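Tertiary structure, described
Here is how the chains run, residue by residue.
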Amino acid sequence: MAVVLSETTDPVVVPIVADFPPADHRWFALLAAAFRNGLFRAGMQIFTMYELGLSFGGKHSLLALVRQEYGEQLIAAVDLTLRSPAANQGLVNGALNLAGYVGNAGLGLAIQVCWSNDEHRHSRLKSYLFAAARCCGDAPEPILGPVCDAWENLPEESDSSLGQPIDRLAADGVSWELRDYPPLDALAYLVSRARRGERLAWPITYMLRSVDHPDAVEQIARFAAARGVWGGQALNSDWERFDREGGRRMSAQSKGRLWDLARDEGQDEALRKAAF
């Protein structure tokens, strides 16, 4: 029955979910049923359980449905939760992740407030990065800047065998989410941060490796040209796999930017080759 409820949009669903024993309320199917019918707290619980990069069947369609059906109500609920991180400790990660999926600039100030008031901000850095990159609007510095500063200043681990924290932070989960939910308003700022200092050059570029946007693919080409074969192979592997498996195709706009770079005789030869 719970699975049927999770696929049903009707006012009767929420009361039925409430009749289940309290111990069952964290069952994914019931959370999904509640979320699709307007209980936004249930959505925050879902995206606390499922960290960035983890998926479940129907994730994208569920998010699209709730955004379409509830729009401003959903944004208001996420906004309220983020403005009181101390009172909503168990939901902050989920609210940040949900903000990232919603990608509304109206949540930018709430993300700023949450960051300022959150004693555990550094343990949620991935979620802050995703949310800020998606909700910064046309003023990324005050929202995304502090998050990137914290990322840039992550300490090194002397005995790490899996790469440094600064490299690991956005290499997988955040990067995978940005592939499907691109940080359009944040791209110029992220590219500028990658070019501003050495510490974030590779982490940001690698995070953007499968974002289908002219600015993202140009950054990949420029970084690969500067760093040589190793960088190019690592950065191009996703697009090569997509092409090999017959999956996603790069947009005409992104291909056009690379083509323009490749045939521009005024560009460095290494860049022209990397773009081609």
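Residues numbered from 1 in each chain as written. Predicted model: local features only at pLDDT ≥ 70, side-chain atom pairs only at ≥ 80, totals over all residues. Heavy atoms only, no water.

As for the packing of helix α12 (residues 187-196) against helix α13 (residues 198-207)
The relative placement of two packed helices is expressed as an angle between their axes plus a distance between the axes. Direction vectors running N to C along α12 and α13 enclose 145 degrees, while the axes themselves pass 7 Å from each other. Crossing of α12 over α13 shows left-handed handedness. In contact with Leu 190, Arg 193 and Ala 194 of α12, α13 contributes Leu 200, Ala 201, Ile 204, Thr 205 and Met 207. For the contact of α12 with α13, the per-class residue count stands at six nonpolar, one polar and one charged. (Axes fitted to C-alpha atoms, helices over the stretch in contact; angles between N-to-C directions. Helix = DSSP H or I, 4+ residues; strand = E, 2+ residues; numbered from the N terminus. Left-handed = near helix turned anticlockwise from the far one by under 90°. Contact = heavy atoms within 4.5 Å. Nonpolar A, V, L, I, M, F, W, Y, C, P; charged D, E, K, R; others polar.)

A closer look at the environment of Ala 274
Looking at where Ala 274 falls in the secondary structure, it is placed in helix α17 (residues 269-275). Once the C-alpha coordinates of Ala 274 and Ala 225 are considered, the two residues, 49 residues apart in sequence, prove to be 5.6 Å apart. Apart from residues lying up to four places away in sequence, Ala 274 is in contact with Ala 221, Ala 224 and Ala 225.

What to know about the side chain of Arg 124
Inspection of the secondary structure puts Arg 124 in the loop between α7 (108-117) and α8 (125-135). What makes Arg 124 buried here is its relative accessible area of 8%. Polar contacts involving the side chain of Arg 124 include one to the side chain of Gln 89, which spans 2.6 Å. Those residues within four positions of Arg 124 in sequence are excluded, and the remaining contacts are Gln 89, Val 92, Asn 93, Leu 96 and Asp 118. (Buried < 20%, exposed > 50% of the residue type's maximum accessible area, 1.4 Å probe, protein only. Polar contact = N/O pair within 3.5 Å; in protein donor to acceptor, adjacent residues only side chain to side chain.)

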